[in-house]
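What follows is each chain in one-letter form.
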Amino acid sequence: MPSDPSASVPTELDPPSLDPRRRRLLFRARHRGTKEADLMIGAFVERLVAGFTEAELDELEAVLEYPDVDLSDWLTGRRPIPEECRTPMLDRMAVECASPGAGLPEALRRP
């Protein structure tokens, strides 16, 4: 049986180094319910959560309340983000998540 290539790729921040709120948000971002959303949103949050301000954490919490199907469509550009849902955090996520291979560890991305 072939081994999982992602098993050797470190993808997790050291959660004990984060405060409880950031750890909770990181967990929620990585456990959305669909693998696509877990990878895209989880990678975004993992990369940036340690440096977010309290206001940005508030915005992130609001974004994480949207259903996976909507977030996946908005973040990949399949559907535009509705104006009533648009926030600086969601716009930032959309820019970062729209790139090919978003959410995959660098070692697993195809050239």
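Scroll up to find the structure.
I will try to describe carefully the structure that is included in this document. (Residues numbered from 1 in each chain as written. Predicted model: local features only at pLDDT ≥ 70, side-chain atom pairs only at ≥ 80, totals over all residues. Heavy atoms only, no water.)

Looking only at helices and strands, the protein features five helices and zero strands. Taken from N to C terminus, the helices and strands of the protein fall in the order α-α-α-α-α. Counting the 111 residues in the protein, one finds 36% classified as buried. Pairs at least 24 apart in sequence give 58% of the contacts found in the protein among residues at least 6 apart. (Helix = DSSP H or I, 4+ residues; strand = E, 2+ residues; numbered from the N terminus. Buried < 20%, exposed > 50% of the residue type's maximum accessible area, 1.4 Å probe, protein only. Contact = heavy atoms within 4.5 Å.)

So, about the side chain of aspartate 68. Along the polypeptide, aspartate 68 turns up in helix H4 (residues 68–76). Contact partners of aspartate 68, with chain neighbours within four places excluded, come to Arg32, Gly33, Thr34 and Ala37.

Applying the stated criterion across every chain, the model contains two aromatic pairs. Geometrically, the ring pair formed by phenylalanine 44 and phenylalanine 52 is tilted, given 6.2 Å between the ring centres and 45° between the ring planes. The same class applies to phenylalanine 44 as to phenylalanine 52, namely buried. Here the aromatic rings of tyrosine 66 and tryptophan 74 are separated by 5.1 Å at their centres, their planes lie at 75°, and the arrangement is edge-to-face. For tyrosine 66, a relative accessible area of 23% puts it in the partly exposed group. (Phe/Tyr/Trp six-rings, centres within 6.5 Å; stacked < 30°, edge-to-face > 60°.)

Further remarks concern the environment of leucine 90. Following the sequence through the fold, leucine 90 ends up in helix H5 (residues 88–97). Residue class for leucine 90 comes out buried when judged on its relative accessible area of 0%. Distance in space between the C-alpha atoms of leucine 90 and valine 63 is 6.6 Å, their sequence separation being 27 residues.

Let us now look at the packing of helix H1 (residues 20–30) against helix H3 (residues 54–63). Where H1 contacts H3, the two axes come as close as 11 Å, and the packing angle between them is 30°. By the angle class used here, H1 and H3 are roughly parallel. Classified by chirality, the crossing of H3 by H1 is left-handed. Residues Arg21, Arg22, Arg24, Leu25 and Arg28 of H1 form the contact with H3, whose own contacting residues are Glu54, Leu57, Asp58, Leu60 and Glu61. For the contact of H1 with H3, a count of residues per class yields three nonpolar, no polar and seven charged. (Axes fitted to C-alpha atoms, helices over the stretch in contact; angles between N-to-C directions. Parallel < 35°, antiparallel > 145°, perpendicular 65-115°, else oblique. Left-handed = near helix turned anticlockwise from the far one by under 90°. Nonpolar A, V, L, I, M, F, W, Y, C, P; charged D, E, K, R; others polar.)

We now examine the environment of threonine 76. With respect to the helices, strands and loops of the structure, threonine 76 is situated in helix H4. A residue is classified by how much of its surface remains accessible, and threonine 76, at 27% relative accessible area, is partly exposed. Sequence spacing of threonine 76 and valine 95 is 19 residues, and the spatial spacing of their C-alpha atoms is 8.8 Å. In contact with threonine 76, not counting residues within four places along its chain, are Glu36 and Met40. Polar side-chain contacts of threonine 76 include one of 2.7 Å to the backbone oxygen of serine 72. Only 3.4 Å separates the side chain of threonine 76 from the backbone oxygen of aspartate 73, close enough to count as a polar contact. (Polar contact = N/O pair within 3.5 Å; in protein donor to acceptor, adjacent residues only side chain to side chain.)

In short, shape yes, function no, at least from these values alone.
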